[in-house]
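The lines below spell out each chain.
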Amino acid sequence: MSDAPRKKRISLSHLVEGVRLALETLVDHRMRSGLVVLGVSIAVATAMGMVAILSGLGQKITNDVKGGDTAIFSITRYSHLDEGDNEDKRPRPKLTVRDASEIERLEEVGEVEIRYGHGQGRSIEHGDKQARLIFVMGTSMAFQKFQTLDIQSGRFFTEGELRAARPVCVLAEATAKDVFPGEDAVGKQVRINGAEWDVVGVFGKYDSLFGGLFENYAVVPWTSYERRLGSRWESLQLNVFPRTADEL
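As a convention, each chain's residues are numbered from 1 in the sequence order in which they are written. Local features in this predicted model are restricted to residues of pLDDT 70 or higher, and side-chain atom pairs are both shown and tallied only at a pLDDT of 80 or more, whereas totals for entire chains, interfaces and linings draw on every residue. For the side-chain quantities, the full set of heavy atoms in the structure was used; hydrogens and water were omitted.

Draft legend 1. How the structure looks around the overall build of the protein. Counting its secondary structure elements, the protein contains 7 helices and 12 strands. Buried residues in the protein amount to 33% of all 248 residues. Within the protein, residue pairs in contact and separated by at least 24 positions form 72% of the contacts whose partners lie at least 6 positions apart. Accessible surface for the protein amounts to roughly 15600 Å². Of this, 56% is attributable to carbon and sulfur atoms. The numbering of helices and of strands both runs from the N terminus, where a helix is a DSSP run of H or I of at least 4 residues and a strand a run of E of at least 2. Accessibility here uses a 1.4 Å probe with only protein chains present; expressed as a share of the type maximum, an area under 20% marks a residue as buried, one over 50% as exposed, and anything in between as partly exposed. Whether two residues are in contact is decided by their heavy atoms: any pair within 4.5 Å suffices. The Shrake-Rupley method, run with a 1.4 Å probe sphere, supplies the accessible areas, and residue values consider only the shown protein chains as cover.

Draft legend 2. Representation of the packing of aromatic side chains in the model. Two rings belonging to Phe, Tyr or Trp (six-membered ring only in the last case) form a pair when the distance between their centres is within 6.5 Å. Interplanar angles under 30 degrees mark stacking, angles over 60 mark edge-to-face geometry, and anything in between is tilted. If you walk through the whole model with that rule in mind, you get 6 aromatic pairs. Measuring from centroid to centroid gives 5.9 Å for Phe 203 and Tyr 217, while their planes differ by 40°, and the two rings are tilted. Of this pair, Phe 203 sits in strand β10 (residues 195-203) while Tyr 217 sits in strand β11 (residues 217-221), and the two are 14 residues apart along the sequence. Linked through ring pairs, Phe 143, Phe 156, Phe 157, Phe 203 and Tyr 217 together constitute an aromatic cluster. Note on criteria: charge over ring means Lys NZ or Arg CZ within 6 Å of the ring centre, with the direction from the centre no more than 35 degrees off the ring normal. Just above the ring of Trp 197 sits the side chain of Arg 228; from NZ or CZ to the centre is 5.9 Å.

Draft legend 3. Inspection of empty space enclosed by the protein at higher detail. For cavity detection a 1 Å grid was placed over the protein atoms alone, and a set of points counts as a cavity when a 1.4 Å probe fits there but cannot get out; an open set counts as a pocket when protein lies on both sides within 12 Å along at least five of seven lines, with lining residues being those that have an atom within 4 Å of a point. Grid points are joined across faces, edges and corners, and a volume is the space filled by probe spheres set on the points. Evaluation of the coordinates by the stated rule reveals 1 cavity of 30 Å³ or more. Every residue lining the largest cavity is listed: Phe 143, Gln 144, Gln 147, Leu 149, Phe 156 and Phe 203. Basically, the charged four are Asp, Glu, Lys and Arg, the nonpolar ten are Ala, Val, Leu, Ile, Met, Phe, Trp, Tyr, Cys and Pro, and anything else, Gly included, counts as polar. In terms of residue class, the lining of the largest cavity is built from 4 nonpolar, 2 polar and no charged.

Draft legend 4. The arrangement of the pattern of salt bridges in detail. Salt bridges are defined as contacts in which a side-chain nitrogen from Lys or Arg sits within 4 Å of a carboxyl oxygen from Asp or Glu. Counted under the stated rule, the structure contains 8 salt bridges. Across the salt bridge formed by Asp 128 and Lys 129, the nearest N and O atoms sit 3.4 Å from each other. In this structure Lys 129 comes out as partly exposed when scored by relative accessible area, which is 34%.

Draft legend 5. Main features of a nonpolar patch on the surface. Residues Leu 12, Leu 15, Val 16, Val 19 and Leu 23 make up a contiguous nonpolar surface patch of about 480 Å² in total accessible area. Here Leu 23 shows up in helix α1 (residues 3-28). The exposure class of Leu 23 is partly exposed, given its relative accessible area of 49%. Only residues whose relative accessible area exceeds 30% and that form no salt bridge enter a patch; like-charged residues are grouped when within 9 Å of one another, and nonpolar side chains (Val, Leu, Ile, Met, Phe, Trp, Tyr) when within 5 Å.

Draft legend 6. Seen up close, the nonpolar core. Leu 171 and Val 190 are the most contacted members of the largest nonpolar core, which has 44 residues in total. Considering every element that reaches this core, the biggest residue donor is β10, with 5 residues. Those residues in contact with Val 190, other than ones at most four positions away along the chain, are Ile 124, Glu 125, His 126, Cys 169, Leu 171, Val 179, Phe 180, Ala 195, Glu 196, Trp 197 and Val 199. Buried Ala, Val, Leu, Ile, Met, Phe, Trp, Tyr and Cys residues that are joined via side-chain atoms within 4.5 Å together make up what is termed a nonpolar core.

Shown next, in the form of C-alpha cells:
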C-alpha cells in the first residue's frame, strides 16, 4: 500500500478526532462556551450597529451641508473664508440684479438665485409669543425650485409679491410652533425686528444636525428684505445653478 492513501486516512482520522474532542469540550464546558459565543455575537452586532450609525450620520451631515443634490457655486462680495475686518473690502462694488441677469444669459447657466441674509439673528414675535433668534433669508423664486424644503401649509410667495416687495414670509415649522403654538400660522402676522409681515406659508419639518438658526428661519422676497431689513453695507449673493452637473 502506498504512503499517499495511508496519509490521507491518517489526516482524515485526525480531523474527525479533533472535531470529536472539540465537541466534547464544548459539551463539558457549556457555560463557558455559551458565554464565549454570546460575547462574540454581541461584539459583532455592536460593530455592525456602529458602522450603520456612522454611515447614516455621515450621510446626514453631507445632506445638511449640501442642502440637496444640485451642484451650485456662489458669487459673493466678500469671501466667507477671509479672516479679519471687511473694512478694506468695502470699496468693492456691490452685486446687483443686473449681474444676475447677465450671468443667467450664459449658455451653461440654468438659473440664478438672488439671496440676502448671511447669518444675522433677528427677533420674531406675535403678541406676547416670541421665538428664538431666527435667520431671515431674502430670496427669489429659484429658492423653491432648488432647496429641499416642502411647504407644509399655505404657499410660497408669488412673482407678483416679489416684484411689489410685499411684506410676506414663509416660516420654518419650528419657528411657526414657537410663535403660534397650537395654531395655524398662515394668514396671521408676525413682527420681524419690529416690522409687520404677513405669513403666507409654513415649511415642513426639517431636522438639521446644526440646530439653531438652521431650524428657525423665515424666507421673504429679496425685494422686501432689501427694503425693510437690509443694511447699507450688505450685498446680495448669487447662487448659480448650471444646466447640468457636467457644465459646472
